[in-house]
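Secondary and tertiary structure notes
The primary structure of each chain is shown beneath.
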Amino acid sequence: MKEQKKTEWITSNNDFTRLYRPKTLADIVGQSILKHIVRGWMRQKKVPGAVLIHGQFGSGKTTTARIIATTLNCSNVLPNGDPCGECSSCKTMYSDTVVHNDYLEINAANNTGVDHMRLLQERASYQPRYNRLVIVIDEVHGLSKQAMDLILKNLEEPRAYVTYILCTTEPHKLSETLRSRCTELRVTEITVKDNVELLRRVCKDEKLKLSDDILEMICAKSDNIPRKCLVNLQSVASMLASGDVKEKDIVLDKLEAKLSQIIGVPNYVSIQNYLSAIYSGKLVAALSSLNGITSKPLFLKGCLDTHGNVITALASKTPEKLIGEKWVLGYTKKMIAESSLQKTSESMKTLSSLMFDLVDAYTKMSLYQLGDSTALLVGIAGKWCGRFKETGNG
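Residues numbered from 1 in each chain as written. Predicted model: local features only at pLDDT ≥ 70, side-chain atom pairs only at ≥ 80, totals over all residues. Heavy atoms only, no water.

Let us now look at the packing of aromatic side chains. This model, assessed by the stated rule, comprises four aromatic pairs. When the centroid spacing of 6.3 Å and the interplanar angle of 55° are considered together, the rings of Trp-384 and Phe-388 count as tilted. Of this pair, Trp-384 and Phe-388 both sit in helix H18 (residues 374–391), four residues apart, which is roughly one turn of the helix. Here Trp-384 and Phe-388 have matching classes, each one buried. (Phe/Tyr/Trp six-rings, centres within 6.5 Å; stacked < 30°, edge-to-face > 60°. Helix = DSSP H or I, 4+ residues; strand = E, 2+ residues; numbered from the N terminus. Buried < 20%, exposed > 50% of the residue type's maximum accessible area, 1.4 Å probe, protein only.)

This brings us to the packing of helix H8 (residues 192–206) against helix H10 (residues 226–242). At a minimum axis separation of 10 Å, H8 and H10 run at an interaxial angle of 35°. Helix-helix and strand crossings are classified by hand; for H8 and H10 the assignment is right-handed. Together, Asn-195, Leu-198, Leu-199, Val-202 and Cys-203 of H8 and Pro-226, Cys-229, Leu-230 and Leu-233 of H10 make up the contact between the two elements. Of the residues belonging to the contact of H8 with H10, the class tally is eight nonpolar, one polar and no charged. (Axes fitted to C-alpha atoms, helices over the stretch in contact; angles between N-to-C directions. Left-handed = near helix turned anticlockwise from the far one by under 90°. Contact = heavy atoms within 4.5 Å. Nonpolar A, V, L, I, M, F, W, Y, C, P; charged D, E, K, R; others polar.)

A few words now on the environment of Arg-66. Along the chain, the position of Arg-66 falls in helix H3 (residues 61–72). Since its relative accessible area comes to 23%, Arg-66 is described here as partly exposed. Separated by 42 residues in the primary sequence, Arg-66 and Thr-24 have C-alpha atoms spaced 9.2 Å apart. Once residues lying within four places of it in the same chain are set aside, the contact partners of Arg-66 are Arg-21, Met-93, Tyr-103 and Glu-105.

On to the sheet that holds strand S4 (residues 162–168), then. Spatial strand order, S2-S3-S4-S1-S5: five strands in an open sheet with parallel pairing. Each end of this open sheet is capped by a strand with a single partner; those strands are strand S2 (103–107) and strand S5 (183–186). Averaged over all pairs of adjacent strands, the angle between strand axes in this sheet comes to 15°, irrespective of strand direction. Where S2 and strand S3 (residues 133–138) come together, five bridges link them in parallel fashion. Bridged to Tyr-103 within S3 is Val-134. (Pairing = 2+ DSSP bridges.)

Now for helix H2 (residues 32–44). When the terminal C-alpha atoms of H2 are compared, their 18 Å separation across 13 residues agrees well with the 18 Å that a helix rising 1.5 Å per residue should span. Regarding H2, the residues found buried are Leu-34, Lys-35, Val-38, Arg-39, Trp-41 and Met-42. Viewed end-on, H2 has its buried residues packed into an arc of 155°, placing them on one side of the element. For H2, the exposed residues lying more than 90 degrees away from the buried face are Ile-33, His-36, Arg-43 and Gln-44. For H2, the secondary structure elements touched by its buried residues are strand S1 (50–54), H3 and S5. Where H2 ends, the next residue or the one after it, Lys-45, has phi of about 60°, a positive value. (Expected span 1.5 Å × (residues − 1). Arc of directions from axis to C-beta.)

Taken across its ten residues, helix H9 (residues 212–221) has eight buried, putting it largely inside the fold. Asp-223 sits one or two positions beyond H9 and adopts a positive phi of about 55°.

By the definition in use, this model includes ten salt bridges. For Arg-39, the salt bridge identified is with Asp-82, shortest N-O distance 3.5 Å. A residue pair is termed long-range when its members are at least 10 positions apart, and Arg-39 in helix H2 and Asp-82 in the loop between H3 and helix H4 (88–94) qualify at 43 residues. For Arg-39, a relative accessible area of 15% puts it in the buried group. The exposure class assigned to Asp-82 is buried, which follows from its relative accessible area of 4%. (Salt bridge = Lys/Arg side-chain N within 4 Å of Asp/Glu carboxyl O.)

Positionally, His-100 belongs in the loop between H4 and S2. Taking relative accessible area as the criterion, His-100 reaches 5% and is therefore assigned buried. In terms of polar contacts, His-100 uses its side chain to reach the side chain of Ser-89, at 2.9 Å. Non-local contacts of His-100, meaning those with residues more than four positions away in its chain, are made with Asn-73, Ser-89, Thr-92, Met-93 and Tyr-130. (Polar contact = N/O pair within 3.5 Å; in protein donor to acceptor, adjacent residues only side chain to side chain.)

Turning our attention to the confidence of the model for the chain. Scored by pLDDT, the chain comes out at a mean of 80, with 82% of its residues at no less than 70. Per-element confidence in the chain is highest for S1, whose mean pLDDT is 92, and lowest for helix H15 (residues 319–323), whose mean pLDDT is 55. Per-residue pLDDT stays below 50 along residues 1–12; that stretch engages in one contact with residues further than four places along the chain or on separate chains. (pLDDT = per-residue confidence, 0-100.)

Residue Gln-31 is not a glycine yet carries a positive backbone phi of 55°. As for its position among the elements, Gln-31 is in the loop between helix H1 (16–19) and H2. Residue classification places Gln-31 among the buried positions, given a relative accessible area of 8%. In this structure, Lys-207 is a non-glycine residue whose phi angle is positive, near 60°. Relative to the elements of secondary structure, Lys-207 occurs in the loop between H8 and H9.

Okay, structure coming up:
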C-alpha cells in the first residue's frame, strides 16, 4: 500500500506579525527620536536601570524592549548600536524554541499578584550568564498595589546588572513616584507613509503585487497600527492564496468590501453612499445604502470617522496634510464634490450638528449594546436629509 504523504501545516510562527517583527532598531518603522535615544545608550554603554515605554497597543513597545535586551547581551554590538545577530546570545533571543537565561518577560494583565513579582525579585538575585539580566513587565498598569510597591522597591534599590523595562498603554495609571524612577520612552503614532513602506517590504518578500492605494486602505482599516496592518495584509494574502480572488481582481472597491467582511471593519463604500445621500438631501438613496450592512455599530463608527474627515477637509486650506492617506482624501474629496458641500458658516454649523447626532447615536448603540440599531440610522437619515435639502448645503 502506497504511503500517504503527510500534510505539512503552516504553523503560527509563519504569521506576518512574527516573521516581520523587528529584530534591530533599523527594522522599526518611524520612531526616529526613540531610536536616536536607544542608539546613544548602546554607543555610550550607559543604559538606565529602569525604562518605561508607553504608547498605543500594537505600536511596538515590547518589540523595542526585546531589541534593547538583545543589544545589551550582544557580544559584538555594531557601530550603529544594533545587535550583531550572530553571537550566541543574539541567536538565543531570536529563537522560538530556546529560552534566553537573561531575559524575562511577564504580562501584568495576567500576572497581577505580588507572588509573581517576588519570583522576579528572586531571579534578580542571581548573576546573569551574559552581560545583563533584563526583566520586561508588559501592561505594568495592571499590577496590584502590593505588586506595584514591590516593583518600586526594586527600582529604588537596583542591582547593577539588572535592567527593568516597563511597558504600558496607560502611563497615567502609574504613580508619579514610580515614573520618576524610570527613564521614559514614548512610542509615537506612526505615519501612514511609514506603515505603507513596511507593508511594501513585506509584499516584496511575499511576492504580493498590491498597489500603494490598496496598502493605504489596509493601513486606514487597521487604525494605522503596525501589528494590525500586518494581520490584515496577511488576510489579503490568504484571499489570494485561496485562488478565489486573483491579483488582477484586487481593486480598491472589491477588496474593501471583502476586507470589511473578513476583519470586521466598516465598508466605506456604503458609508460614503449613506453620507453623500444625506448631504444631498436624498432620503431614498440614504436608506438604500443601509441594505446589506452586517454590523451597524461598525458602520456608525465609520460614519463618525468619515464625517469628521469631511469637516476637516472643508475647514482646512491644506486638507491633505491633516488627513494624510491619499485613499481617505480621495473619497472625501469625491463626497464633497458630489454633494456640492461648501465652506460657509451655515454649512459648517449644519455639519457640526450632524456630528453631534452621530456621536449621540453611537453612544446609545454602545451603551445599550444595540447590535441591530437600524432605527437610529434611519432616524438620522430622515432628520438630516430634510435639513440639508432645506438649506441647499448652506
